[in-house]
Amino acid sequence: MTFGHALEALKAGCKVARAGWNGKSMWIALSKGYSFPAAAASPGHASKLRADEVKGTPAAEVIVLSHIDMRSADGSMVIGWLASQTDMLAEDWMIVE
């Protein structure tokens, strides 16, 4: 399937991958946006920097926008995966069960 079809599958809650990826068990998934109280931000995390900016304001929350994440070949998660031009033009996308 095309990248456009893969995006629609992501929006429907599916995990997708390219047949051409070398790594075993690699896939991407859509992480829907969310927010949390600034006081709950973890030290050492990028969201803590934003939390420090909004502390003491009426909202005092950190807003995380929707983004695509990837499970890499070693099992770790890549937060904020970006498609290459090759990925966007590929037609070997598939839904992962």
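Quick note: structure is the one above.
So, how was this worked out
- Residues numbered from 1 in each chain as written.
- Predicted model: local features only at pLDDT ≥ 70, side-chain atom pairs only at ≥ 80, totals over all residues.
- Heavy atoms only, no water.
- Helix = DSSP H or I, 4+ residues; strand = E, 2+ residues; numbered from the N terminus.
- Rg over C-alpha atoms; globule rule 2.2 N^0.38 Å.
- Buried < 20%, exposed > 50% of the residue type's maximum accessible area, 1.4 Å probe, protein only.
- Areas by Shrake-Rupley, 256 points an atom, 1.4 Å probe, with all protein chains shown as cover.
- Lys, Arg positive; Asp, Glu negative; His and termini not counted.
- Charge placed at Lys NZ, Arg CZ, Asp CG, Glu CD.
- Phe/Tyr/Trp six-rings, centres within 6.5 Å; stacked < 30°, edge-to-face > 60°.
- Core = buried A, V, L, I, M, F, W, Y, C linked by side-chain atoms within 4.5 Å.
- Contact = heavy atoms within 4.5 Å.
- Arc of directions from axis to C-beta.

Novice: What am I meant to see in the overall build of the protein chain here?
Specialist: Along its length, the protein chain carries three helices and seven strands. Traced from its N-terminal end to its C-terminal end, the protein chain shows the element sequence α-β-β-β-α-β-β-β-α-β. Computed over C-alpha atoms, the radius of gyration of the protein chain comes to 16 Å, more than 25% over the 13 Å expected from 2.2 N^0.38 for 97 residues, which places it beyond the range of a compact globule. Buried residues in the protein chain amount to 30% of all 97 residues. Counting only carbon and sulfur atoms, one obtains 59% of the accessible surface of the protein chain, whose full area is about 6,400 Å². Averaging the locations of the 9 positively and 10 negatively charged side chains of the protein chain gives two centres separated by 5 Å.

Novice: Got a minute to help me understand the packing of aromatic side chains in this structure?
Specialist: Aromatic rings considered in pairs are described by the distance between their centres and by the relative angle of their planes. Counted by the stated rule, this structure contains five aromatic pairs. Ring plane angle 75 degrees and centroid distance 6.1 Å describe the contact between W21 and W81, whose orientation is recorded as edge-to-face. Taken together, the residues span a long stretch of sequence, with W21 in the loop between β1 (15–18) and β2 (27–31) and W81 in the loop between β6 (77–78) and α3 (85–89) at a distance of 60 residues. The pair formed by W21 and W81 is uniform in burial state, with each residue classed as buried.

Novice: Please clarify how the nonpolar core should be interpreted in this entry.
Specialist: Ranked by size, the top nonpolar core spans 16 residues in total, and within it V16, W21, I28, M70, W81 and W93 carry the most contacts. Within the residue set of this core, elements represented by two or more residues are α1 (3–11), β1, β2 and β5 (67–71). If one sorts the elements of this core by residue count, α1 sits on top with four residues. Residue contacts for W93: discarding those within four places in its chain leaves M1, T2, F3, A6, V16, A17, R18, W21, I28, W81 and D87. Core analysis: the next-biggest nonpolar cluster, separate from the first, contains seven residues, F36, A38, A41 and V54 among them.

Novice: What am I meant to see in helix α2 (residues 46–54) here?
Specialist: An α-helix turns once per 3.6 residues; consequently, residues spaced three or four apart project the same way. Considered for burial, the residues of α2 that qualify are S47, A51 and V54. In a view along the axis of α2, the buried residues occupy a sector of 65 degrees, so they form one face of it. Of the exposed residues in α2, the ones pointing more than 90 degrees away from its buried face are A46, L49 and E53. Elements that come into contact with the buried residues of α2 comprise β3 (34–37) and β4 (61–64). Positive backbone phi, at 85 degrees, marks G56, one or two positions downstream of α2.

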